[in-house]
Amino acid sequence: MKTIIVYTSKYGCTEKAAYELKSRLSGETEVVNLMHAKEPSLAPYDTVILGGSIYFGKIQKEMSDFANKYQQELLMKRVGLFICAGMKGEQVAQELTAAYPVDVYNGALAKETFGDEVYVEKLTLLDKFILRMVKGKKHEASGLSTKTIDSFAETMSIKIG
């Protein structure tokens, strides 16, 4: 079984999550950051996992464009979806649902929020200001949930058919 994890990561949290996930999956797995590489062909893969982080309540444009462009092809694959986000409860559930095309979301085997990590030293001044407005002075991230990543990997590793 061949798997590809296609993700977008601005400051590194989603990249870390993608590689954490890769280390837990069996079989051949490739990892591609859409923000630094050309769009991969999905044809050689049985399983496609999409991941991105949430900014201002939305996933990055590169991921949104990719998911919409390849929606029909994704519907023919085993798909997993994840986001890295700092919000909790109903708000993060809505962000996850809104991040991907409805049909892709509804057909996904696994869909999860992995949490967030903030690397303040990498943020632009504007992003530091926005983070402070949204999360307050402490702007502590909850961290990535290894338990959630483990569960997601287990679900995606189950052979179907």
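As the structure is a prediction and not an experimental result, all values here were calculated from the model.

A closer look at the overall build of the protein chain
Step number 1: Within the protein chain one finds seven helices and eight strands.
Step number 2: The buried share of the protein chain, taken over its 161 residues, is 45%.
Step number 3: If you take every contact in the protein chain between residues at least 6 apart in sequence, the share linking residues at least 24 apart comes to 80%.
Step number 4: Approximately 8700 Å² of the protein chain is accessible, and the part contributed by carbon and sulfur atoms is 54%.

Things to note about the side chain of Gln60
Step number 1: Tracing the sequence through the fold places Gln60 in the loop between strand 4 (58–59) and helix 2 (61–69).
Step number 2: Accessibility expressed as a relative area gives 8% for Gln60, which makes it buried.

Details of the state of the cysteines
Step number 1: Tallied over the entire structure, the rule returns zero disulfides.
Step number 2: No disulfide involves Cys13; its sulfur sits 4.0 Å from that of Cys84, the nearest cysteine.
Step number 3: Under the relative-accessibility criterion, Cys13 is labelled buried at 9%.
Step number 4: When its relative accessible area of 3% is taken as the criterion, Cys84 is described as buried.

Considerations on the pairing of strand 1 (residues 2–7)
Step number 1: For strand 1, the buried fraction is high: five of the six residues fall into the buried class.
Step number 2: Looking at chain direction, strand 1 and strand 2 (residues 28–33) are connected through six bridges and run parallel. Bridging from a neighbouring strand, Lys2 pairs with Glu28 of strand 2.
Step number 3: With helix 1 (residues 13–24) bridging strand 1 and its parallel neighbour strand 2, the resulting β-α-β unit is right-handed.

Focus: the pairing of strand 3 (residues 47–55)
Step number 1: For strand 3, a buried count of eight out of nine residues is recorded, marking the element as mostly surrounded by other parts of the structure.
Step number 2: Pairing between strand 1 and strand 3: five bridges, direction parallel. Its bridge partner being in strand 3, Ile4 is matched across the sheet by Val48.
Step number 3: The pairing of strand 3 with strand 4 spans two bridges and is classified as antiparallel. Looking across to strand 4, one finds that Tyr55 is bridged to Lys58.
Step number 4: Joining the antiparallel neighbours strand 3 and strand 4 is a turn of two residues, in which Phe56 adopts a positive phi near 55°.

The rules behind the values
- Residues numbered from 1 in each chain as written.
- Predicted model: local features only at pLDDT ≥ 70, side-chain atom pairs only at ≥ 80, totals over all residues.
- Heavy atoms only, no water.
- Helix = DSSP H or I, 4+ residues; strand = E, 2+ residues; numbered from the N terminus.
- Buried < 20%, exposed > 50% of the residue type's maximum accessible area, 1.4 Å probe, protein only.
- Contact = heavy atoms within 4.5 Å.
- Areas by Shrake-Rupley, 256 points an atom, 1.4 Å probe, with all protein chains shown as cover.
- Disulfide = S-S within 2.5 Å.
- Pairing = 2+ DSSP bridges.
- Right-handed = clockwise from strand over helix to strand, strands pointing away.

Interpretation note: all reported values are geometric properties and have no functional meaning in isolation.
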